[in-house]
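Read off the chains here:
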Amino acid sequence: MDGSDIVLEVKDLVTTVKMGGHEVRLVDRVSFTLRRGRTTAIVGESGSGKTMTALSLLRLLEPPVRVAGGTVRYLGRDLLALTERQMAEVRGARIAMVFQDPLASLNPVLRIGFQIAETLRAHRKMTRAEAERRAVELLRHVGVPDADARAMDYPHHFSGGMRQRVLIASAISCGPEVIIADEPTTALDVTVQAKILHLLDDLRQEAEASLLLITHDLGVVAAMADDVAVMYAGRVIEQADVDTLFHAPRHPYTRALLACAINLEDDRNTALEPIAGAPPDPRRRPSGCPFHPRCPDAIPDCRRIDPPLEAVSAQQSVACIVAQRAMADA
């Protein structure tokens, strides 16, 4: 692929928080691209930096957390260099986010239709009546039954799945080119999860938008993603298209994640293989590769060399000296 279809390009993104007089890296030199009409998944354990990366892209951080370096280019324009007023014009209109907790994301004292209408009025030249009519159309479009009446309800009148549909309606209201979905099905039961994910995928295809999907669920990744970035300890440690990642993972952490995921095609009695140990405390990162204390393939060099993310093929990059050397010798 050439670069003409790149909608969002993240390069060496660093996000820090001040702790005990020291700057601690929560997102550490993260780089990836999001291509037009495709879904890129960011996957990893809790605490790996997935959500912090998403919040950094949209500059939704509260002090003392801050973006300390890197670039986030949306159609060539560096979002980190914009004024807050300029960024507010991008947020919601061009890049929208669906958060994992819809009840916390919606204002409990405002009617649903009003909240969607206010998003429209903030970014589009619409009268209140026009925006409210459009809000009802959007609720109907995302599958909220009896949308005219439900637009007058408050968030607590909706189930978890319906609240998530409301958030999605608000996110797509201004026709964004990028949708960021942060664990959008975390608190939902399995059947509702599937419906929400199918809805997101259908809307992405319909609008020819790009979807950045943040998840810890490899089943979701397999079903929805075109490209995958695996995060560990605030870093991207492997990147590949979804088929390559699942069939030929190179990083030991990626292989470990796949080994502890349920595969319904396998024998139901097959034991899962949990990953030994725990992710490092960002205040006390180990020397060398951050995964080496948990890695079954670690060699002495892993304790002193902090490997960069390097391409090992046209489809795959990995931050592991063992994998890099093996591919170089192959």
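Going by the structure above, here's the rest.
Residues numbered from 1 in each chain as written. Predicted model: local features only at pLDDT ≥ 70, side-chain atom pairs only at ≥ 80, totals over all residues. Heavy atoms only, no water.

(A) Spotlight on the pairing of strand β10 (residues 235-241). Counted residue by residue, β10 has five buried out of seven residues, so it is predominantly covered. Judged from the six bridges that link them, strand β9 (residues 227-232) and β10 form a sheet pairing that is antiparallel. Each residue of the ladder has a partner; that of Tyr 232, found in β10, is Arg 235. Between the antiparallel neighbours β9 and β10 lie two residues, among them Ala 233 with a positive phi of about 55°. With three bridges joining them, β10 and strand β12 (residues 316-318) adopt antiparallel strand pairing. From the neighbouring strand, Gln 239 faces β12, where its bridge partner is Ser 317. (Buried < 20%, exposed > 50% of the residue type's maximum accessible area, 1.4 Å probe, protein only. Helix = DSSP H or I, 4+ residues; strand = E, 2+ residues; numbered from the N terminus. Pairing = 2+ DSSP bridges.)

(B) A look at the sheet that holds strand β4 (residues 65-74). If you walk across this open sheet you meet the four strands as β2-β1-β4-β5, and the pairing is antiparallel. For this open sheet the edge positions go to β2 (22-35) and β5 (77-78), each flanked by a neighbour on one side alone. Across eight bridges, the pairing between strand β1 (residues 6-19) and β4 is antiparallel. In the sheet register, Thr 15 faces β4, and the bridge partner there is Val 67. Where helix α1 (residues 50-57) meets the sheet, it contacts β1, β2 and β4, and its direction lies at approximately 110° from that of β1. (Contact = heavy atoms within 4.5 Å. Axes fitted to C-alpha atoms, helices over the stretch in contact; angles between N-to-C directions.)

(C) Up close: the pattern of salt bridges. Inspection of the entire model under this criterion finds 24 salt bridges. As a salt-bridge pair, Asp 306 and Arg 29 come within 3.3 Å of each other at their nearest N and O atoms. Of this pair, Asp 306 sits in the loop between α11 (252-259) and β11 (310-311) while Arg 29 is found in strand β2, placing the two residues 277 residues apart along the sequence. Measuring nitrogen to oxygen at the nearest pair gives 3.0 Å for the salt bridge that ties Arg 325 to Asp 301. Of the two residues, Arg 325 sits in helix α12 (residues 321-329) while Asp 301 sits in the loop between α11 and β11, which places them 24 residues apart along the sequence. Judged by relative accessible area, which is 38%, Arg 325 ranks as partly exposed. (Salt bridge = Lys/Arg side-chain N within 4 Å of Asp/Glu carboxyl O.)

(D) The environment of Ala 129, seen in detail. Mapped onto the fold, Ala 129 is located in helix α5 (residues 128-141). C-alpha separation for the pair Ala 129 and Ile 179, spaced 50 residues apart in sequence, amounts to 26 Å.

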